[in-house]
Amino acid sequence: MNTFEENLNKLEQLTMDIKRSDISLEDALKDFEEGIKLAAGMEKQLDEIEGKVQILMNEPEPMENGNKPQFDDFSEQGEVNGTRK
């Protein structure tokens, strides 16, 4: 899986391609569809990151005495601390 930054760069490239004056309607539609799918995946990534941040914020003694935050497997949960997956 690509990083969020890689996906953002790809989405920006697709946006620039769609704005080109010499792009065909078919190619613009293909890029648009790819961008929609990419944006949906990025939204999921952001939700997972938000869940991790919530866990870190709720740790009683974060990072003291070697206490490492415990992250649940987000792929098996629908919500984490009120955050949708």
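All values reported here derive from a predicted model rather than from experimental measurement.

Let us look at the environment of Lys30. Along the chain, the position of Lys30 falls in helix 2 (residues 25–58). Sequence spacing of Lys30 and Leu14 is 16 residues, and the spatial spacing of their C-alpha atoms is 9.6 Å.

With that settled, consider a nonpolar patch on the surface. On the surface, Ile18, Leu29, Phe32 and Ile36 cluster together into a nonpolar patch covering about 370 Å² of accessible area. Broken down by element, the residue count for the nonpolar patch peaks at three residues, all from helix 2. Along the chain, Ile18 falls in helix 1 (residues 4–19). Overall, Ile18 belongs to the partly exposed group, its relative accessible area being 31%.

What follows covers the packing of helix 1 against helix 2. Packing of helix 1 against helix 2 brings their axes to within 9 Å, and their N-to-C directions diverge by 155°. Relative to helix 2, the element helix 1 is oriented roughly antiparallel. Handedness of the helix 1/helix 2 crossing: left-handed. Along the contact surface, helix 1 presents Phe4, Asn7, Leu8, Lys10, Leu11, Leu14, Asp17 and Ile18, while helix 2 presents Ala28, Asp31, Phe32, Glu34, Gly35, Leu38, Met42, Gln45 and Leu46.

Moving on, we come to the pattern of salt bridges. If charged atoms from side chains of opposite charge come close, those side chains can pair. Overall, the coordinates contain three salt bridges when judged by the stated rule. Note that Glu34 is salt-bridged to Lys10, the shortest N-O span being 3.7 Å. Remark: Lys10 occurs in helix 1 and Glu34 occurs in helix 2; sequence separation between them is 24 residues. With relative accessibility at 33%, the residue Glu34 sits in the partly exposed group. Across the pair Asp17 and Arg20 runs a salt bridge, and its minimum N-O distance is 3.9 Å. Look at Arg20 and you get partly exposed, because its relative accessible area is 38%. Here the salt bridges do not stand alone but share partners, grouping Asp17, Arg20 and Asp22 into one network.

Cut-offs applied
Residues numbered from 1 in each chain as written. Predicted model: local features only at pLDDT ≥ 70, side-chain atom pairs only at ≥ 80, totals over all residues. Heavy atoms only, no water. Helix = DSSP H or I, 4+ residues; strand = E, 2+ residues; numbered from the N terminus. Patch = residues over 30% accessible without salt bridge, like charges linked within 9 Å, V, L, I, M, F, W, Y side chains within 5 Å. Areas by Shrake-Rupley, 256 points an atom, 1.4 Å probe, with all protein chains shown as cover. Salt bridge = Lys/Arg side-chain N within 4 Å of Asp/Glu carboxyl O. Buried < 20%, exposed > 50% of the residue type's maximum accessible area, 1.4 Å probe, protein only. Axes fitted to C-alpha atoms, helices over the stretch in contact; angles between N-to-C directions. Parallel < 35°, antiparallel > 145°, perpendicular 65-115°, else oblique. Left-handed = near helix turned anticlockwise from the far one by under 90°. Contact = heavy atoms within 4.5 Å.

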